[in-house]
Each structure stands twice: as C-alpha cells, then as structure tokens.
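Coordinate analysis (summary)
Take a look at the letters that make up each chain.
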Amino acid sequence: LVLSTDAQSFSRSPEPMTREQASQSGNFFALDLFQSLKGQKGNLFFSPTSIDLALVMTWTGAAGETRRDMSDVLYLKDYSSGDPESVSLAYGSLQNAIVGTDAPYTLRIANRLWGQSGYMFRSSFLDLLSRDFGAGLQTVDFEKDSEGARQTINTWVEDQTEDKIKDLLPAGSLGSDVRLVLTNAIYFLGNWQHRFQGSDTADRPFTLESGKEIRVPTMHQTHSFSYSEDERMQVVALPYQGGDLEMVIILPRDKGGLPALEAELNTRHLTEWTTGLERKSVRLWLPKFTLTGEFSLAKVLGQLGMGRAFSRRADFSGMSDGADLFISDVVHKSFIDV
C-alpha cells in the first residue's frame, strides 16, 4: 500500500473491539472484495487477510471523513470516531492468533513500513503499528532513488514469502513523491492431515466454465471428512496437519452452476454452508493446481467507498502533521500451489 504527498483529535469508543469482532469485520470486507473482483476473466485468487491488515494499519492514521469512508468499507463504523488503539489491539491479537506457535505447519505474517528518509511521522502512529502488528519503520529514499527503494521492498517481500512473490512493485510504480509504503506478507506451508498418495494421482477429466472438458493431474483418496450436500452444491473441509486450519471446497453440482453460487457468497450463506458439515466417508478427487493473482486495487476500493483516501482530499493527519498524504495505490500479489 503506497501513500504519496500532494489534526484531528480522537475520542475513545465506549466498547473496545474484540478479536472476534475484528475477524467478523475482516470476513465482511473479504466477501465484498470478492464480489467486486469476481467479474474478471479466468481464475481468481487473492488473500483478503493480507489486504485487510494493510488497510486497517493505514486506517489507524486516517482522520475526519477519510476515516469515516474507510470505516464503512472495512466494517469499522462503530469505531470511526474513537481512538484507533482498540481496533489496532484487536487486529494485532487476531494476527497473533492466526499465526500461533509450535504448529506442525509454517504460517508467517510480516508487516513493514517503508518511509521516506527525513520525513516526520507521528510517533503515536509508528508506536501503534510496531506494538500491535510488528510493523517496524525502515527508511528509504524515494525522492532520490525510487528504483533502489522499490528493489529493497521487493527483496524483503521475496524473503518473507520464500521467493513465491516476486516483483510485487513493478518497475516505475514508485515515484519521487512517495512518502510511505506499507507492506504485508503472508506465507503458509502445510501438509494435509490425510495425505494423498502419488500412486492415486492420474490425469482425469475436468470441466471448464465454458463446458469444455480437459484432462488434468488429479489426486484421489477415500477418507472421513467434514461434508455436506444439497441439490445445488457439495461442501468438504480438508484439514491440514494439526487440525487448526482447513481448506473448504464448495463444488456446484451443475457444470454451469459456479456463477450462481458466487452470487450468493456472503457471510450468512458461507456460515450456513460450513456449520452444517458432518463426518462422512468421502470419495474425493482434487485437481492439482497453481494459481497466481496480481491486482491494483485502487479503483475497486474507490468503488466500494474509499475514493477520498485516493484523492488529494484525503486526511491522514494521524500519520503526520506535515504535507498532505493520500493513497496512490494498493498493490496485491498472491500465489497458491496445491
């Protein structure tokens, strides 16, 4: 998330935000974002948690109407007029809960602020993000060496994602007017609790959205999984080692039924579809797949209601009392290999 250049006081919200409320707000935002992105051609893959965390960290430095707009989009309306500390604490707690400790999988969430050398940011903003998100400030020189700053940031992202996310910021994406880049990197590596055997993997038919049938390498096993079905869909949850995390797969029964299910994908329906699962013996065929996603989200977030934050009318006086700041872009890149 990139902020460029072109005071408001806070009153405490009466009820501090909880980790559960932070999770719920993130889920609402994730599904809004999905509905905005689903119309693109081809497959869609993105990490809503990564985007949400970056935007919430930015929200803590917003003020006035900019904060109110961002609060509406991020489902933080109840906290738009209060002290950002409650929200920061809740999301920081959620981040720590997601990562966990001593798990049989690797899950890392890393945050970093990249600020213009010599630019004065409010210590309250920096302290909040460092304490709750582990987002330390590293200075670079966008003014004199924006390309060098870009390469430094990209190298950090590559290191945090085991080289899975390369060139997050493309050449020419950072200008000399950039004052702050906020990065969030999430990396997950886990084995299935019930592993597929290579001997059961073979080329099997897979139907594309167009109705065309192709053959792809497909894994197979029969095991007891959490499962449900109705006349429109089948739902199965595949746990990873340790049982804390799982991949939930929703499969339309009709070959052309995916758009209808996507249209219904909201928090209420997703909760209904995933809370009614029961242990059953399931014959499971799962294609191997690798997906990448790359987005500039400024336009989409503007359409959702955050347009002020991307304009010279933005108010980020919670970050700095110096020059005017606004968001010039939100860049997201994702990778998954199953």
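For the structure given in this document, a descriptive report is provided here. Remember, it's a predicted structure, so these values are computed and weren't measured experimentally.

Some words on the overall build of the chain
A count of helices and strands for the chain gives 9 helices and 12 strands. Expected size for 338 residues packed as a compact globule is a radius of gyration near 20 Å; at 21 Å, the chain falls within 12% of this value. When its C-alpha atoms are laid out on the principal axes, the chain stretches across 60 × 45 × 40 Å. Counting all 338 residues of the chain, 44% fall into the buried class. Within the structure as shown, the chain displays about 17100 Å² of accessible surface, and the carbon and sulfur contribution to it stands at 46%. In the chain, 33 side chains carry a positive charge and 44 a negative one; their mean positions are 4 Å apart.

Quick notes on empty space enclosed by the protein
As a volume, the largest cavity reaches approximately 40 Å³. Trp192, Gln193, His194, Phe196, Gln221, Phe225, Leu238, Pro239 and Leu284 are the residues that line the largest cavity. Contributing elements (two or more residues each) for the lining of the largest cavity: strand S6 (213-229) and strand S7 (233-239). Of the residues that constitute the lining of the largest cavity, the class distribution is 6 nonpolar, 3 polar and no charged.

Notes on helix H1 (residues 19-37)
Taking 1.5 Å as the rise per residue, H1 with 19 residues should run 27 Å; its terminal C-alpha atoms sit 27 Å apart, in good agreement. Those residues of H1 that fall on the buried side of the exposure criterion are Ala22, Ser25, Gly26, Phe29, Ala30, Leu31, Leu33, Phe34 and Leu37.

Some remarks on the packing of H1 against helix H9 (residues 298-306)
Packed helices, taken two at a time, are described by the angle between their axes plus the distance between the axes. The N-to-C vectors of H1 and H9 enclose an angle of 120°; their axes lie 11 Å apart at closest approach. Taken together, the axes of H1 and H9 are oblique relative to one another. As H1 packs across H9, the resulting crossing turns out to be right-handed. Only Val300, Leu301 and Leu304 of H9 make contact with H1, whose side of the interface consists of Phe29, Asp32, Leu33, Ser36 and Leu37. Split into classes, the residues belonging to the contact of H1 with H9 amount to 6 nonpolar, 1 polar and 1 charged.

Conventions and cut-offs
Residues numbered from 1 in each chain as written. Predicted model: local features only at pLDDT ≥ 70, side-chain atom pairs only at ≥ 80, totals over all residues. Heavy atoms only, no water. Helix = DSSP H or I, 4+ residues; strand = E, 2+ residues; numbered from the N terminus. Rg over C-alpha atoms; globule rule 2.2 N^0.38 Å. Buried < 20%, exposed > 50% of the residue type's maximum accessible area, 1.4 Å probe, protein only. Areas by Shrake-Rupley, 256 points an atom, 1.4 Å probe, with all protein chains shown as cover. Lys, Arg positive; Asp, Glu negative; His and termini not counted. Charge placed at Lys NZ, Arg CZ, Asp CG, Glu CD. 1 Å grid on protein atoms, 1.4 Å probe; cavity = no way out; pocket = protein on both sides within 12 Å on 5 of 7 lines; lining within 4 Å. Points joined across faces, edges and corners; volume = space filled by probe spheres on them. Nonpolar A, V, L, I, M, F, W, Y, C, P; charged D, E, K, R; others polar. Expected span 1.5 Å × (residues − 1). Axes fitted to C-alpha atoms, helices over the stretch in contact; angles between N-to-C directions. Parallel < 35°, antiparallel > 145°, perpendicular 65-115°, else oblique. Left-handed = near helix turned anticlockwise from the far one by under 90°. Contact = heavy atoms within 4.5 Å.

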